[in-house]
Structures are given as C-alpha cells and as structure tokens.
Amino acid sequence: ETGVTQTPRHLVMGMTNKKSLKCEQHLGHNAMYWYKQSAKKPLELMFVYNFKEQTENNSVPSRFSPECPNSSHLFLHLHTLQPEDSALYLCASSQESGGDTATLSYEQYFGPGTRLTVT
Amino acid sequence: KNQVEQSPQSLIILEGKNCTLQCNYTVSPFSNLRWYKQDTGRGPVSLTIMTFSENTKSNGRYTATLDADTKQSSLHITASQLSDSASYICVVTDIILTGGGNKLTFGTGTQLKVEL
C-alpha cells in the first residue's frame, strides 16, 4: 500500500445527487492532489493543495468543489454532475518544499482511486 | 505545448519474455522523468525516477533509460511475469522558471498483458 487511502472505491450517482470523495494520507506529506483519469486519456490534474492552501485549479467546473481541512485529509464534493464526469478519480500526496507555490518536484504517492459513474 | 507520447498503446507478451516500452516527450525545460505502474483498479505506483544527468536506472526487473538529447525514454522489463500485466505510464516534469512550481505531463500509458 502507498499510504494514501480513498473512499469510497466505487460510486454510482445520479446527476442531481450530492456526494463527496474522501482521501487520507498517512505519510506526513504537505501537498495533496486530485486527478481525473478517463479511459485512453492522460491523467488530468484538477486541484493542488500545498500546506492546506489551494495553489492550483485547472479550470475545473464548479460542480467539483475541493476541501482540505488539514494536511492529511482531502475531499472532493460533487453536485449536479454530468455523465461525462464518469471516470477514476485519484488522490495523491507528496512532500513539497515550502513557499507560496507547490514545486510538484517530489515523488507523488497515489491512492487506489474512486471509480465514479454518473447516470 | 508539452506532450508525452507512449508506444505501443498495448502489448501482449508471453510469460518469461522481455519487452521494451517507449516514451517520447516534448516537455521543456526538463526536470525529471518517471515511470509508473498502474494495476487495474488501483492508483499508479512509481517504478523509477531519472533526472537530466541520469541515463539508466533499475528497479528489480525494470530498467529505465533516458536520452535527454533526443527526449526519449524506455522501460525494459526482463523475464516478464503475469503480475507485470498493468498500464505503464511515463510522466515528465518540467520547470517553471518564473514564479516557481513544476508541472507534470502524463502519457496515456502502455497497456501490457503477460500471458501463459
């Protein structure tokens, strides 16, 4: 195991539902990430939190809302999703240097992912 | 635009055989290149990481090479096992010179299947 856990592992939700994905890292890292992985496409970085501050939002629709209450936990709140949002959502963590901007230069450890299906 | 291209898209080999996966990138400037293994239904796990000055790095039966001049990398798997069946993803990190922060560019992966 990589030290990064995600729940739930599978989620099926309707377009009008509200749900949340949870990620927890047990590695003492200070940066956490949300990625989206769709079939036959590269991983897409969605959000970055460095020292609990959101440092990156890659033009993600507002129906995805991240929350990082502390350096060990990361949430992704979902509401009014579309069928094209169905994908594997991966959380990762790393130990980054300090400062205002995440360097993203160090090893990222990934969780097992949440397989999301929007019906 | 930074890109990472991997080939082949998919590959089937017999157990015990060797194989080589390719990664070409246009990321510039360059910080490091990593190979990840992703089993079905799991997150990627790092196999190797190489910086500009490193030409080769091994991790058990996995050996990665890097040619920073031609911007190519390969991952060689020796004596393949059934458990090697997975997606292998090449990831390149650039350096943002102003304002700090590096960006990761992911390839789409090579799907490897090892059969008896």
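Because the structure is a prediction, the values reported are computed rather than measured.

Asker: Would you mind going over the nonpolar core with me for this structure?
Answerer: By size, the foremost hydrophobic cluster in this structure holds 24 residues, and its most contacted members are Tyr25, Leu33, Trp35, Leu75, Tyr88 and Val92 of chain B. For this core, the secondary-structure elements that each account for two or more residues are β3 (19–25), β4 (30–38), β5 (45–51), β7 (62–67), β8 (72–77), β9 (86–94) and β11 (110–115) of chain B. The next biggest cluster of nonpolar side chains, apart from the first, holds 22 residues, and it includes Trp34, Leu76, Ala87 and Leu116 of chain A.

Asker: Before we go on, may I ask you to explain the pairing of strand β8 (residues 73–79) of chain A in this structure?
Answerer: Regular strands show a simple pattern: their side chains alternate between the two faces of the sheet. All names here are of chain A. Relative to β8, strand β3 (residues 18–25) is paired through seven bridges, and the arrangement is antiparallel. Opposite Glu24, over in β8, you have His73 as the bridge partner. Examined bridge by bridge, strand β7 (residues 64–70) and β8 share five bridges and lie antiparallel to one another. Note on β8: the bridge partner recorded for Asn70 is His73. The hairpin formed by β7 and β8 contains two residues between the paired strands.

Asker: How should the sheet that holds β7 of chain A be read in this particular structure?
Answerer: Sheet strands associate in pairs through backbone hydrogen bonding, adopting either a parallel or an antiparallel arrangement. All names here are of chain A. With respect to topology, four strands assemble into an open sheet ordered β1-β3-β8-β7, the strand pairing being antiparallel. Of all strands in the sheet, those with a lone pairing partner are β1 (4–7) and β7, marking the two edges. The sheet shows a mean angle of 20° between the axes of neighbouring strands, direction not considered.

Cut-offs and rules
- Residues numbered from 1 in each chain as written.
- Chains lettered and ligands numbered in written order.
- Predicted model: local features only at pLDDT ≥ 70, side-chain atom pairs only at ≥ 80, totals over all residues.
- Heavy atoms only, no water.
- Core = buried A, V, L, I, M, F, W, Y, C linked by side-chain atoms within 4.5 Å.
- Buried < 20%, exposed > 50% of the residue type's maximum accessible area, 1.4 Å probe, protein only.
- Helix = DSSP H or I, 4+ residues; strand = E, 2+ residues; numbered from the N terminus.
- Pairing = 2+ DSSP bridges.
- Axes fitted to C-alpha atoms, helices over the stretch in contact; angles between N-to-C directions.

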